[in-house]
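Architecture and fold: a report
Residue strings, one per chain:
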Amino acid sequence: MFDVPVLRTANSTQSDAGLETSLEVAPDVPWITLVWNDPVNLMSYVSYVFRSYFGFPKEEAERLMLQVHENGRAVVATGPREEMERHTEAMHEFGLWATVAKASDG
Amino acid sequence: MRVSRSGDRIVLEFADGESGVLRSLVDQYIEVVGTDAGADPAHARMFPAAYRDDDAAAEEFTRYTRAGLVDRKAANAAQVSLALDEETVRLTADAAARWLPLLTDLRLVIADRLGIRIDDDEIPDTPAGEVYSWLGHLQESIIMLLDDE
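Residues numbered from 1 in each chain as written. Chains lettered and ligands numbered in written order. Predicted model: local features only at pLDDT ≥ 70, side-chain atom pairs only at ≥ 80, totals over all residues.

Along chain A, the regular secondary structure elements total four helices and three strands. Ordered by position in the sequence, the α and β elements of chain A form the string α-β-α-α-β-α-β. Relative to all contacts within chain A whose residues are 6 or more apart in sequence, the contacts with residues 24 or more apart total 69%. (Helix = DSSP H or I, 4+ residues; strand = E, 2+ residues; numbered from the N terminus. Contact = placed C-beta atoms within 7 Å.)

Next up, the structure:
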């Protein structure tokens with residue numbers, strides 16, 4: 001009868017330890033949000049989205065927009081994975097083509 | 001169509017029938033955005049895969065975000081549709097800003113129908129092509145007025 005709670009305690013201790021390990025590793029592997037060129041979105045709109053959503057100054061927004069236009073993509077944010085997914089979701093709401101990747105894949 | 005500023009309002013004055021055409025497009029859009037995932041080829045543009053090389057992660061992202069995105073896009077479009085009851089629409093800057101993502105999404109759907117896939121694809125000289133360009137002009141005009149603030 002006493003085995004069950006004992007096992008549970010042991011299990012949760014183990015998984016907590018595993019969680020700590022993964023949390024320690026996570027900051028070494030940053031993630032990025034990429035915005036890709038598409039034939040539909042106007043340059044003025046892409047720049048507008050970068051300013052209004054990310055709060056970039058006009059020059060930075062224009063620079064990233066031109067990078068999207070000329071290089072086909074630009075990294076618009078770097079950080080934890082969940083945050084990069086939130087940005088990507090927001091970009092999709094704006095109608096931009098955005099993806100998430102590991103920073104090393106950018 | 002004339003887009004101008006009057007005090008703190010952005011004023012859209014539509015020419016004969018334009019607001020009706022736009023409203024019809026917006027109402028069709030609400031149907032397209034709400035159909036089953038993948039049922040419309042334009043969905044791939046409105047809801048692009050969030051991971052290019054990881055199908056499982058892309059699917060999980062879709063599972064967590066798709067319903068909310070559909071709801072917000074449809075609710076926003078419904079607001080715009082209501083405003084299009086009139087030939088002249090007066091919008092606050094915030095309301096005008098909410099038109100911009102919808103105008104992009106309308107163009108994404110029309111681009112899908114017209115086969116516009118890369119920058120060099122020409123906009124066809126057809127009624128749908130005209131509407132596509134007209135929507136871009138409307139979007140650009142609103143952005144210019146918002147930038148004037």
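Read on, since the account is not over.
The secondary structure content of chain B amounts to five helices and three strands. Reading the secondary structure of chain B in the N-to-C direction produces β-β-α-α-α-β-α-α. Computed over C-alpha atoms, the radius of gyration of chain B comes to 16 Å, within 12% of the 15 Å expected from 2.2 N^0.38 for 149 residues, which places it in the range of a compact globule. Dimensions of chain B, computed from C-alpha atoms along their principal axes, come out at roughly 50 × 35 × 25 Å. The buried share of chain B, taken over its 149 residues, is 30%. Considering only contacts within chain B whose residues lie at least 6 apart along the sequence, 64% involve residues at least 24 apart. (Rg over C-alpha atoms; globule rule 2.2 N^0.38 Å. Buried ≥ 20, exposed ≤ 12 C-beta atoms within 10 Å, placed from the backbone.)

Facing 17 residues of chain A, the contacting portion of chain B comprises 26 residues. Those elements that provide at least two residues to the side of chain A that touches chain B are helix 2 (43-54), helix 4 (81-94) and strand 3 (97-102) of chain A. Sort the elements by how many residues they give to the side of chain A that touches chain B and helix 4 of chain A lands first, with six residues. Split by residue class, the side of chain A that touches chain B holds eight nonpolar, six polar and three charged. (Nonpolar A, V, L, I, M, F, W, Y, C, P; charged D, E, K, R; others polar.)

All names here are of chain A. Strand order in the open sheet formed by three strands is 2-1-3, and the pairing between neighbours is antiparallel. Of all strands in the sheet, those bounded by a partner on one side alone are strand 2 (73-79) and strand 3. Ignoring which end each strand starts from, the neighbouring axes of this sheet average 25° apart. Its contacts with the sheet place helix 3 (residues 58-71) against strand 1 (31-36) and strand 2, and it is angled at close to 130° to strand 2. (Pairing = 2+ DSSP bridges. Axes fitted to C-alpha atoms, helices over the stretch in contact; angles between N-to-C directions.)

Bringing the nonpolar core into the picture now. With 57 residues, the main nonpolar core has Val35(A), Leu96(A) and Leu106(B) as its most contacted residues. By residue number, the principal contributor to this core is helix 4 (residues 93-114) of chain B, which donates ten residues. (Core = buried A, V, L, I, M, F, W, Y, C linked by C-beta atoms within 7 Å.)

Another aspect to go through is the confidence of the model for chain A. Residues at a pLDDT of 70 or more form 73% of chain A, whose mean pLDDT is 82. In the model, residues 1-22 of chain A has pLDDT below 50 throughout and makes zero contacts with residues more than four positions away in sequence or in other chains. (pLDDT = per-residue confidence, 0-100.)

Okay, the pairing of strand 3 of chain A next. Residue and element names in this part refer to chain A. Counting buried positions along strand 3 gives five out of six residues, so the element sits mostly inside the fold. With six bridges joining them, strand 1 and strand 3 adopt antiparallel strand pairing. Residue pairing for strand 3: Thr33 is matched across the bridge by Val100.

Moving on, we come to the environment of Leu84(B). Residues and elements named next belong to chain B. For Leu84, the location among the structural elements is in the loop between helix 3 (55-83) and strand 3 (88-92). Note on Leu84: 21 C-beta atoms within 10 Å, which makes it buried. For the pair formed by Leu84 and Ser19, sequence separation is 65 residues and the distance between their alpha carbons is 5.8 Å.

The next point concerns the environment of Val11(B). Residue and element names in this part refer to chain B. Along the chain, Val11 turns up in strand 2 (residues 9-13). Between the C-alpha atoms of Val11 and Ser81, which are 70 residues apart in sequence, the distance is 16 Å. Discounting residues that sit within four places of it in the chain, Val11 has contacts with Ser4, Arg5, Ser6, Thr88 and Arg90.

A rise of 1.5 Å per residue sets the reference length of helix 5 (residues 127-147) of chain B, with its 21 residues, at 30 Å; its end C-alpha atoms lie 30 Å apart and thus fit the reference within 8%. Burial in helix 5 of chain B covers these residues: Tyr132(B), Leu135(B), Gly136(B), Leu138(B), Gln139(B), Ile142(B) and Ile143(B). When helix 5 of chain B is viewed along its axis, its buried side chains cluster within an angular range of 155° and face the same direction. Opposite the packed face of helix 5 of chain B, turned more than 90 degrees from it, sit the exposed residues Pro127(B), Glu130(B) and Ser133(B). In this fold, the buried residues of helix 5 of chain B make contact with helix 2 of chain A together with strand 1 (2-6), strand 2 and helix 4 of chain B. (Expected span 1.5 Å × (residues − 1). Arc of directions from axis to C-beta.)

Here we come to the sheet that holds strand 3 of chain B. All names here are of chain B. If you trace the three strands from one edge of the open sheet to the other, you get 1-2-3, paired in antiparallel fashion. Here the strands that pair on one side only, and so sit at the sheet edges, are strand 1 and strand 3. Recorded for the sheet is a direction-independent mean angle of 25° between the axes of neighbouring strands. Here strand 1 runs beside strand 2; their pairing, made up of five bridges, is antiparallel. Following the sheet pairing, Ser4 is matched in strand 2 by Val11. The strands touched by helix 4 within the sheet are strand 2 and strand 3, with strand 3 carrying the most contacts at an inclination of about 110°.

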